[in-house]
Amino acid sequence: MNKEDLLSKGYRKYSGEEIEIYFNKDICTHSGNCVKTMPKVFDTKRKPWILADNGEADSAMKTIDLCPSGALQYIYKKDDK
Ligand code: SF4
């Protein structure tokens, strides 16, 4: 999905230097995978709860790939030109 599709489907954008992370709260099944794997990037006690630059972009992308619901998505900025 591209940026426009994600936003039109209700995803919210959390921008970082290398990646943009997108999250849709209506899809999240609260498995907790993201917060367990990368607590510095994904912290539900913080606002904003996603800080894309608080960890390696590679690791964040791998973590997002493991989100079981699809509530997390990313766009790698170098591919988005
Ligand atoms: S990994 Fe995906 S489904 Fe699980 S809590 Fe995070 S966003 Fe929600």
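Above this text is the structure in question.
Described below are features of the structure shown in this document. (Residues numbered from 1 in each chain as written. Predicted model: local features only at pLDDT ≥ 70, side-chain atom pairs only at ≥ 80, totals over all residues. Heavy atoms only, no water.)

Structural notes on the pairing of strand β2 (residues 19-23)
In step 1: Burial analysis of β2 places 5 of its 5 residues in the buried class, the great majority of the element.
In step 2: Where strand β1 (residues 12-15) hands over to β2, the hairpin turn is made up of 3 residues, counted between the paired strands.
In step 3: Taken together, the 5 bridges between β2 and strand β3 (residues 72-76) define a ladder with antiparallel strand orientation. Residue I21 lies in a different strand from β3, and its bridge partner there is Y74. (Buried < 20%, exposed > 50% of the residue type's maximum accessible area, 1.4 Å probe, protein only. Helix = DSSP H or I, 4+ residues; strand = E, 2+ residues; numbered from the N terminus. Pairing = 2+ DSSP bridges.)

Observations concerning the layout of surface pockets
In step 1: Estimates place the volume of the largest pocket at around 220 Å³.
In step 2: Every residue lining the largest pocket is counted, 16 residues in all, and those nearest its centre are C28, H30, G32, C34 and W49.
In step 3: Broken down by element, the residue count for the lining of the largest pocket peaks at 3 residues, all from helix α2 (residues 33-37).
In step 4: Here the lining of the largest pocket is built from residues that sort into 9 nonpolar, 7 polar and no charged. (1 Å grid on protein atoms, 1.4 Å probe; cavity = no way out; pocket = protein on both sides within 12 Å on 5 of 7 lines; lining within 4 Å. Points joined across faces, edges and corners; volume = space filled by probe spheres on them. Nonpolar A, V, L, I, M, F, W, Y, C, P; charged D, E, K, R; others polar.)

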